[in-house]
Amino acid sequence: NQLGFAEADLGFFMSSQFAFGAFANAVLLGPVTRLMGGAPQKVVRNCVLAMATLYALQSLLNSKQMPWELSPAAQKFGFVGVALTLAIFQYSLSTSITAENTQRVPENMKGTLIGMEHCIFSAARVATPAIGINVLNAHGMEGLYAACSSIFVGTLLVWTLTAERFLPTLAASASNKKDR
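Residues numbered from 1 in each chain as written. Predicted model: local features only at pLDDT ≥ 70, side-chain atom pairs only at ≥ 80, totals over all residues. Heavy atoms only, no water.

As a further point, take the nonpolar core. Ranked by size, the top nonpolar core spans 26 residues in total, and within it M36, M51, F79, F89, L93 and F152 carry the most contacts. Ranked by the residues each element gives to this core, the list is headed by helix α2 (residues 40-61), at nine residues. (Core = buried A, V, L, I, M, F, W, Y, C linked by side-chain atoms within 4.5 Å. Buried < 20%, exposed > 50% of the residue type's maximum accessible area, 1.4 Å probe, protein only. Helix = DSSP H or I, 4+ residues; strand = E, 2+ residues; numbered from the N terminus.)

Printed below as a string of structure tokens:
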């Protein structure tokens, strides 16, 4: 492996990442939500932007095209630092999506909605590892993280171009700004 993780190191890192994610969700969710705009729609947009940026940074840190070459230790610490920072935004993003979605459905449909969300998340967890491994094998870490960043950039573009049309809160906010 490119970063030189031993099996025990990798297991420890993965466990630490989940523990940090729990900490981020339990302790940092409120402050991050306020920092990212407060309203779930703004938090989603800003978390997607933050994640696109962090994945692009991760790609640059692993790029063979850049004029610098990081030591193996710097690569490993950079990877861990960016991964843990991503966890903060991942949990804020998923919590904000769920909060926004549950406000938009009738009370008797909330269980169905949560079930559908979990089904989509599970399907992604089944399909994406194989895709990610193929991208990693074909293009290395630089290509994998560039692909992740481009997915978030694409999501941000679609969000920016269509959110006002589909989300009433944003549409009302946009029309109020025009009236001023």
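The subject of this paragraph is a nonpolar patch on the surface. There is a patch of nonpolar side chains on the surface, built from L10, M14 and F18 and spanning about 300 Å² of accessible area. Looking at the element boundaries, F18 is found in helix α1 (residues 7-35). (Patch = residues over 30% accessible without salt bridge, like charges linked within 9 Å, V, L, I, M, F, W, Y side chains within 5 Å. Areas by Shrake-Rupley, 256 points an atom, 1.4 Å probe, with all protein chains shown as cover. Salt bridge = Lys/Arg side-chain N within 4 Å of Asp/Glu carboxyl O.)

Contact geometry of α1 with helix α3 (residues 72-103) gives a least axis separation of 8 Å together with a crossing angle of 45 degrees. Our classification of the angle between α1 and α3 gives oblique. In this structure, α1 crosses over α3, and the sense of that crossing is right-handed. Here D9, F13, S16, Q17, F18, F20, G21, A24, N25, L28, L29 and V32 of α1 lie close against α3, whose contacting residues are K76, F79, V80, A83, L84, A87, I88, F89, Y91, S92 and T95. Considered class by class, the residues forming the contact of α1 with α3 number 15 nonpolar, six polar and two charged. (Axes fitted to C-alpha atoms, helices over the stretch in contact; angles between N-to-C directions. Parallel < 35°, antiparallel > 145°, perpendicular 65-115°, else oblique. Left-handed = near helix turned anticlockwise from the far one by under 90°. Contact = heavy atoms within 4.5 Å. Nonpolar A, V, L, I, M, F, W, Y, C, P; charged D, E, K, R; others polar.)

Axis angle and axis distance: for two packed helices, these are the angle between their axes and the distance between the axes, and together they describe the pair. Where α2 meets α3, the closest approach of the two axes is 9 Å, and the angle between their N-to-C directions is 160 degrees. For the element pair α2 / α3, the angle class is roughly antiparallel. When the axes of α2 and α3 are compared, the crossing they make is left-handed. Among the residues making up the contact of α2 with α3, the classes are represented as 18 nonpolar, eight polar and one charged.

Moving on, we come to the environment of N62. Along the chain, N62 falls in the loop between α2 and α3. For N62, a relative accessible area of 4% gives the class buried. Remark: the alpha-carbon pair of N62 and L144, spanning 82 residues in sequence, is separated by 10.0 Å. Here the side chain of N62 touches Q58 through a polar contact of 2.8 Å, landing on its backbone oxygen. (Polar contact = N/O pair within 3.5 Å; in protein donor to acceptor, adjacent residues only side chain to side chain.)

Here we take up the packing of aromatic side chains. Counted under the stated rule, the structure contains five aromatic pairs. When the centroid spacing of 6.0 Å and the interplanar angle of 20 degrees are considered together, the rings of Y55 and Y145 count as stacked. Remark: Y145 occurs in helix α4 (residues 110-166) and Y55 occurs in helix α2; sequence separation between them is 90 residues. Residues Y55 and Y145 agree in their burial class; the two are buried. Relative to F152, the ring of Y55 has its centre 5.7 Å away and its plane inclined at 15 degrees; by these criteria the two rings are stacked. With a gap of 97 residues between them, Y55 in helix α2 and F152 in helix α4 connect regions that are remote in the sequence. We classify Y55 as buried; its relative accessible area is 12%. (Phe/Tyr/Trp six-rings, centres within 6.5 Å; stacked < 30°, edge-to-face > 60°.)

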